[in-house]
Protein chains: 2
Amino acid sequence: MTLSPVLIAGAWRQAQNPVGDFTAVNPATRIALPDVYPVSGWPEVEIALHAAQEAVSILRTAPCELLANFLEQYAANIERRADALVEMAHLETALPQIPRLRAVELPRTADQLRQAAAAVRDRSWRHATLDVARNIRSIYAPLGGAVAVFGPNNFPFAFNSVAGGDFAAAIAAGNPVIAKANTGHPGTTRLFAEAAFEAIQHTGLPPATVQLLYRIPPDAGFQLVSHPLIGATGFTGSRAAGLKLKEAADRAGKPIYLELSSINPIFVLPGALHERLEAIAAELFASCSLGVGQFCTKPGFVVLMQDAASETFLAAVREHFVSPPGILLGAGGVRTIAQAVEKMQHYGAEVLTGGEEVAGDGFCYANTLLTVSGDTYLENPHALQIEAFGVVSLVVLARDAAQMQEIARSLEGNLTGSFYTHSQGTDDALYDQIAPIVRDRVGRLLNDKMPTGVAVSPAMNHGGPYPATGHPGFTAVGIPAAMLRFTALHCYDNVRPHRLPPELQDRNPTGTMWRIINGSWTQADA
Amino acid sequence: MTLSPVLIAGAWRQAQNPVGDFTAVNPATRIALPDVYPVSGWPEVEIALHAAQEAVSILRTAPCELLANFLEQYAANIERRADALVEMAHLETALPQIPRLRAVELPRTADQLRQAAAAVRDRSWRHATLDVARNIRSIYAPLGGAVAVFGPNNFPFAFNSVAGGDFAAAIAAGNPVIAKANTGHPGTTRLFAEAAFEAIQHTGLPPATVQLLYRIPPDAGFQLVSHPLIGATGFTGSRAAGLKLKEAADRAGKPIYLELSSINPIFVLPGALHERLEAIAAELFASCSLGVGQFCTKPGFVVLMQDAASETFLAAVREHFVSPPGILLGAGGVRTIAQAVEKMQHYGAEVLTGGEEVAGDGFCYANTLLTVSGDTYLENPHALQIEAFGVVSLVVLARDAAQMQEIARSLEGNLTGSFYTHSQGTDDALYDQIAPIVRDRVGRLLNDKMPTGVAVSPAMNHGGPYPATGHPGFTAVGIPAAMLRFTALHCYDNVRPHRLPPELQDRNPTGTMWRIINGSWTQADA
């Protein structure tokens, strides 16, 4: 049996003394795929850390054009390999090739890398700040250590540990990346790493700028995120795994950015139901079932005012939910959804449809709609805020405006919160009562829109208060803001001009870079 | 015995069921001062948290001018009470009234509040980002919970928990503050809180915008920083106390910004010694002895190349150090300095002068200069990187350039790192070898300058990698950058125009606020 090679220190090579191996499973057939991947032990992780440190030293003085060229070349390489990537990702995840993988996620991934390249060239993301009179100057700079990226199972392209948002942000900020593949799609990740490594060789970046391990034991993960040579970690995945990594990183004082879990509450106010009940029911199901409900931003929690319209709405939503289920990413998904639904029922939620695994070739769980009264919900609000990573949504029926406020106040930190209101303003008084409460509990507040679309926009916040993420001030999506997670603030006090980074010298290095000079943003020289 | 009142929920009142009491001690006489202060139990902290939450709700929609007016009024109130503040702080800390307290620290404190007020009015700190085509808009916003501020003992004004940098930053970002006085100067802190509360009443801010407790048991501190109603914490103080609070806050997913400890390495390169040995020796001592060595940025670690000039330099520095010691802030200072010096000696450092407590009326420890060879240092580099909060500095003598690099690489995270080099460039080759290593290990890199001056400049970074602070991306000094610690990133996706904060609406609310519209900084309307 040949194990797939790891990418370490600028070479594709066999894992040294792997501590185990694994294969991916085709979720549509439950049959293991042929390629076998190594589980790397700590010594191999340590080799990667030291190799990355060499890349850090070289990247420190490398012209930023090199990084931009790499990101663009990599995007082109990805597009050239689109067929292979789409085919492999489809085998490993059962996500549809069209439109999802080929027409949506792959272009998004390439676009994200190109946006990162543009930010690198533009340099305004560095927030160069010049106090000319005092000769104090500061700038966001790379961390001086590798960034470890742990990618999730649900976006084999756009959040891939060696191609997705965290990767693009960490590299564009000037840091080498040590990627830990999601074990659901190691083959896809390997194809990306091949494309990345070719781009590295083509553009002359230090060879260890990108490294790939497929899997490491939990202890090695804790050592990695807390190691003196690590700069920071980006993790997207389960709350349980993320919190253990967070504990290790926190203890060592190493930044770790986590995207953990979110139920994404949707408040549909009475006027909106009165105005466009059917349309909202359809929108809700479309958003819930996108990617078979395996989106961090899936609306898993809907709040309505209990009345005749809400009954009609529930019935309409239920009709959508009784459609046949899609194939989940793996056996673990079926198990955790079943546990979550069971827990909701235990705390008083009633299943309107679904609530059981569906037999067949693939991993399937019936689309599941649950409901609970506001009174029952408020008896155990934390137990009932549980992310079920599938087509599952819990509808909470509030008795009145006061109870709706109380429900809003009970919410934990979420990535998003959405409000549907009457177009002519009849819901505005209620909105004004509830929205400010939700505002402080979510990263992104939406109106008349489901949260599953996460545009790669400079104004996006894909983040939010704990436990949605580990810090309310950062976004995981959006260039250049997402890059700030992987930077240190570097101040230069009375440093001689020729020793300053070009971005902090009097002359604007590009003529277009935005800097703060003596308190004002400007593109001029100092 | 009457206990000094606490400021809770908009009223000066007696502590409810205090769990203890304490007095401040005059460090110049070792005699307790007359005023007695309560130790508040957890129930009182909880009352403060709930009161602060009411202030959060009101501040959310209050015009920002209100906060700006408050900060300016408060600055004026402080200046009006300068005599009382200076007298009390002098009694509690033994710091000289002139120039330190009256001419340096008090004006700095008032200026910082006024800079914060200007930032509030200007609003550019909010980084309003508009993606007009997609109607996605984001902004830095208050945290939605109180900020707890734990101030240090060494700056009774400029870092005071109810008047200093963290306070100004947290309030200017729109958060109420729960201040925990430093127990070394409760009377000074009370005077500040009186001035602040008057300004609150005068300007009509919610009464619980500023609250003051003098002391709380450690467990109550852990509960405070991890409470659901807390937004974030700012802590400046000892590494031991800070790390315990950090652990509690981290576990709850609550941001905590810490300024813990720093030895602030100074590299004096051979050409600089050749050129201006005497001047640098005088500068080093002046910086070391500022505030009796009780500055976070005190140069406690000096690296030289071992040669004849370094011997001459050491002798010159020693001559400065044999001057009589100043009065330390408290008995704890004498104890921890003695422990640190003992530890350095244990690991091979040799005392050139000092190394003992000095008897007398006040708390004194002799100015202490130590030296150690690079070889000996590198046997226990971590044990010898110990902050001694007094006029104590350890000189490490490197054998050659390679060893100087190794010493640089051994450094933990520091607030600052300084280089003295020959004015004509003869040290530049060595600088280029060492400075990049130091760059990644410090927040602020200096040339030809000691680090003790920390200007309140937009370009300042008073921060650095762990264990100097808890996160390398934030500064504790400098407006507006320091405010970003106390904010959440709020995104509005498809939100109706009249529901947006004024800063995110198409029209620029001030006409001068800097915003990022479609990728470019501008003061124009969208």
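Reading guide: rules and limits
- Residues numbered from 1 in each chain as written.
- Chains lettered and ligands numbered in written order.
- Predicted model: local features only at pLDDT ≥ 70, side-chain atom pairs only at ≥ 80, totals over all residues.
- Helix = DSSP H or I, 4+ residues; strand = E, 2+ residues; numbered from the N terminus.
- Rg over C-alpha atoms; globule rule 2.2 N^0.38 Å.
- Contact = placed C-beta atoms within 7 Å.
- Domains from an automatic or database assignment.
- Nonpolar A, V, L, I, M, F, W, Y, C, P; charged D, E, K, R; others polar.
- Buried ≥ 20, exposed ≤ 12 C-beta atoms within 10 Å, placed from the backbone.
- Least-squares fit on C-alpha atoms with pLDDT ≥ 70 in both.
- Pairing = 2+ DSSP bridges.
- Axes fitted to C-alpha atoms, helices over the stretch in contact; angles between N-to-C directions.
- Expected span 1.5 Å × (residues − 1).
- Parallel < 35°, antiparallel > 145°, perpendicular 65-115°, else oblique.
- Left-handed = near helix turned anticlockwise from the far one by under 90°.

1. With respect to the overall build of chain A
Helix and strand content of chain A: 14 helices and 23 strands. At 24 Å, chain A has a C-alpha radius of gyration in line with the 24 Å of a compact globule built from 526 residues. Taken along its principal axes, the extent of the C-alpha atoms in chain A is 75 × 65 × 40 Å. Sequence separation of 24 or more characterises 73% of the internal contacts of chain A that already satisfy a separation of 6 or more.

2. What about the domain arrangement of chain A?
All names here are of chain A. You can read the domains of chain A as domain 1 (6–125 + 146–260) and domain 2 (265–447). Between domain 1 and domain 2, the residue contacts involve 12 residues of the former and 11 residues of the latter. Across the side of domain 1 that touches domain 2, the residue classes break down as five nonpolar, five polar and two charged.

3. Considering unusual backbone geometry
In this chain, I479 of chain A is followed by P480 of chain A through a cis amide linkage whose omega measures 5°. Cis geometry is adopted by the peptide bond preceding P99 of chain B, which originates at I98 of chain B and carries an omega value of 0°. Topologically, P99 of chain B is positioned in helix 4 (residues 97–122). At V292 of chain A, a residue that is not glycine, the phi angle is positive and equals roughly 55°. On the secondary structure map, V292 of chain A appears in the loop between helix 9 (270–289) and strand 13 (301–305). Within the chain, N17 of chain B stands out as a residue other than glycine whose phi angle is a positive 50°. As for its placement among the helices and strands, N17 of chain B is situated in the loop between strand 2 (11–13) and strand 3 (20–26). Exposure remark for N17 of chain B: the 10 C-beta atoms within 10 Å place this residue in the exposed category.

4. Remarks on the relation of the copies chain B and chain A
Least-squares fitting of chain B to chain A yields an RMSD of 0.0 Å, with the transformation described by 0.0 Å of translation along the axis and a rotation of 180°. Such values leave the two copies arranged in the relation of a two-fold axis. Of all interface residues in chain B, 100% are interface residues in chain A too; the two copies therefore contact each other through one and the same surface.

5. Some remarks on the pairing of strand 7 (residues 146–150) of chain B
Residues and elements named next belong to chain B. Of all five residues making up strand 7, five are buried, and the element is well covered by its neighbours. Burial along strand 7 is two-sided: the residues A146, A148 and F150 and V147 and V149 are all buried. Sheet topology places strand 7 next to strand 10 (residues 230–236); five bridges connect them, and they run parallel. Residue pairing for strand 10: F150 is matched across the bridge by F235. As paired strands, strand 7 and strand 8 (residues 177–180) are joined by four bridges and run parallel to one another. Directly across from F150, in strand 8, lies its bridge partner K180.

6. Concerning the sheet that holds strand 12 (residues 265–268) of chain B
Within the open sheet, the 12 strands sit side by side as 23(A)-22(A)-5(A)-6(A)-21(A)-20(B)-19(B)-12(B)-13(B)-18(B)-17(B)-14(B). Their pairing is mixed. At either margin of the open sheet sits one strand with a lone partner, and together these are strand 23 (520–522) of chain A together with strand 14 (350–353) of chain B. Strand-to-strand twist across the sheet, computed as the mean angle between neighbouring axes with direction ignored, equals 25°. Of the pairings in the sheet, the one linking strand 12 of chain B to strand 13 (residues 301–305) of chain B comprises four bridges and is parallel in character. The partner of I266 of chain B across the bridge, within strand 13 of chain B, is V302 of chain B. Helix 9 (residues 270–289) of chain B contacts strand 12, strand 13, strand 18 (392–398) and strand 19 (414–420) of chain B of the sheet and is inclined by roughly 155° relative to strand 12 of chain B. Strands in contact with helix 11 (residues 331–346) of chain B are strand 14, strand 17 (368–373) and strand 18 of chain B; relative to strand 18 of chain B, the strand with the most contacts, it is inclined by about 20°.

7. Observations concerning the environment of I47 of chain B
With respect to the secondary-structure elements, I47 of chain B resides in helix 1 (residues 42–61). On the basis of neighbour count, I47 of chain B is assigned to the partly exposed category, with 17 C-beta atoms found within 10 Å.

8. Quick word on helix 8 (residues 239–251) of chain B
In a regular helix each residue adds 1.5 Å, so 13 residues correspond to 18 Å; helix 8 of chain B covers 18 Å between its end C-alpha atoms and thus fits that length. Listed as buried for helix 8 of chain B are G242, L245, K246, A248, A249 and D250 of chain B. Buried residues in helix 8 of chain B make contact with helix 8 (239–251) of chain A together with helix 7 (218–225), strand 10 and strand 11 (256–259) of chain B. Just past helix 8 of chain B, the residue G253 of chain B takes up positive phi, approximately 70°.

9. Structural notes on helix 2 (residues 64–80) of chain B
Think of an α-helix as turning once every 3.6 residues; residues three or four places apart then point the same way. All names here are of chain B. Taking 1.5 Å per residue as the helical rise, helix 2 with its 17 residues ought to reach 24 Å, and the 25 Å between its terminal C-alpha atoms agrees with that figure. Where helix 2 is concerned, the buried positions are C64, L67, A68, F70, L71, E72, Q73, Y74, A75 and I78. Considering only its buried residues, helix 2 is in contact with helix 3 (82–93), helix 4, helix 5 (165–172) and helix 6 (186–203).

10. Quick look at the packing of helix 3 (residues 82–93) of chain A against helix 6 (residues 186–203) of chain A
Residues and elements named next belong to chain A. Running from N to C, helix 3 and helix 6 cross one another at 160°; their axes reach a closest spacing of 8 Å. Relative to helix 6, the element helix 3 lies roughly antiparallel. Crossing of helix 3 over helix 6 shows left-handed handedness. Here A84, L85, M88, A89 and E92 of helix 3 come into contact with helix 6, specifically with G187, T188 and L191. Residue composition of the contact of helix 3 with helix 6, by class: five nonpolar, two polar and one charged.

11. Some thoughts on the environment of A55 of chain B
Residues and elements named next belong to chain B. Inspection of the secondary structure assignment puts A55 in helix 1. Measuring from C-alpha to C-alpha, the distance between A55 and L504 comes to 23 Å, with 449 residues separating the pair along the chain. Setting aside residues no more than four positions away along its own chain, A55 makes contact with P176, P206, A208 and T209.

12. What to know about the interface of chain B and chain A
How big an interface is tends to be stated in terms of accessible area lost as the parts join. Between chain B and chain A, the contact holds 54 residues from the first and 54 residues from the second. Counting residues per element, the ones that place at least two in the side of chain B that touches chain A are strand 5 (129–131), strand 6 (136–141), helix 14 (428–439), strand 20 (442–447) and strand 21 (488–493) of chain B. In terms of residues, the side of chain B that touches chain A owes the most to one element, strand 21 of chain B, which gives six residues. Considered class by class, the residues forming the side of chain B that touches chain A number 25 nonpolar, 17 polar and 12 charged.

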